[in-house]
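Spelled out from the first residue to the last, the chains are:
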Amino acid sequence: RALQEPPRLEDKYGTRFSTDMPRRGGMVGVVPDGIAGIFKSKPGSDALFIGKRRGLMRICLEEGALVAATWFAGTTDLFQIVTDPFGIMEFLSRKFKVSLFLFFGRWGLPIPRRVPIMQCPHLVRCEKVAAPSTDEVESTHEKVYHGLARLYNEKLSLYTGYPDRKLHIL
């Protein structure tokens, strides 16, 4: 049913959603790597698959948002993702815009394995820009994601229980 309904442009009180309306604050959580993050991540490695997507950084600049980029080290070891060698599941997931995948954890069940998990946060305050240029968006992307990778690689890889791991932004 949710796939058949048009996107909601109003809240339950009839107030329209718009970026022009002043807000009292709030928080939005986004997982930016999407389907690529499911099918390309492997246990034992930390990689964030962003590609050429920059829309999130453009919105952050337009709103003057505080970006809290965070990586949870060890989450790729919680479950094993079952992938087919021909990439059919990934193709169907992209085609239907829904994640179709199988996974298993401890004892072959959907129970996560017991592994250490460590949060690595990196905060970046974006200056409010009405119409950000491509260079400003790319600069913000560099500050947010590559700053997160630098922080993880320099400091937190020592504390996560995975001293040999590095975070790669792809």
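Residues numbered from 1 in each chain as written. Predicted model: local features only at pLDDT ≥ 70, side-chain atom pairs only at ≥ 80, totals over all residues. Heavy atoms only, no water.

(A) Examining the packing of aromatic side chains more closely. One pass over the structure, following the stated rule, counts two aromatic pairs. Between F79 and F103, the ring centres sit 5.0 Å apart and the planes meet at 80 degrees, which makes this aromatic pair edge-to-face. Of this pair, F79 sits in the loop between β2 (66-73) and β3 (80-82) while F103 is found in strand β4 (residues 102-104), placing the two residues 24 residues apart along the sequence. Taking relative accessible area as the criterion, F103 reaches 38% and is therefore assigned partly exposed. Pairwise contacts between aromatic rings join F79, F101 and F103 into one cluster. (Phe/Tyr/Trp six-rings, centres within 6.5 Å; stacked < 30°, edge-to-face > 60°. Helix = DSSP H or I, 4+ residues; strand = E, 2+ residues; numbered from the N terminus. Buried < 20%, exposed > 50% of the residue type's maximum accessible area, 1.4 Å probe, protein only.)

(B) The arrangement of unusual backbone geometry in detail. Although it is not a glycine, K97 sits at a positive phi angle of roughly 55 degrees. If you trace the backbone, K97 turns up in the loop between α3 (88-96) and β4. Note on K97: relative accessible area 74%, which makes it exposed. Phi angles above zero are rare outside glycine, and W107 is one such case at about 60 degrees. For W107, a relative accessible area of 66% translates into the label exposed.

(C) Structural view of the pattern of salt bridges. Enumeration over the complete set of coordinates arrives at three salt bridges. Taking the shortest distance from any N to any O, the salt bridge between E138 and R54 comes out at 3.0 Å. In this pair, E138 is assigned in helix α4 (residues 134-154) and R54 in the loop between β1 (46-48) and α2 (55-63), connecting sequence segments 84 residues apart. Classification of E138 as partly exposed rests on a relative accessible area of 36%. (Salt bridge = Lys/Arg side-chain N within 4 Å of Asp/Glu carboxyl O.)

(D) Summary view of the nonpolar core. Membership of the largest hydrophobic core comes to 20 residues, with the highest contact counts inside it found for W71, V144, Y145, L167 and I169. Where this core is concerned, the elements lending two or more residues are α2, β2, β5 (118-125), α4 and β6 (167-169). Looking at which element gives the most residues to this core, the answer is α4, with six residues. (Core = buried A, V, L, I, M, F, W, Y, C linked by side-chain atoms within 4.5 Å.)

As far as function goes, none of this settles anything; it's purely spatial.
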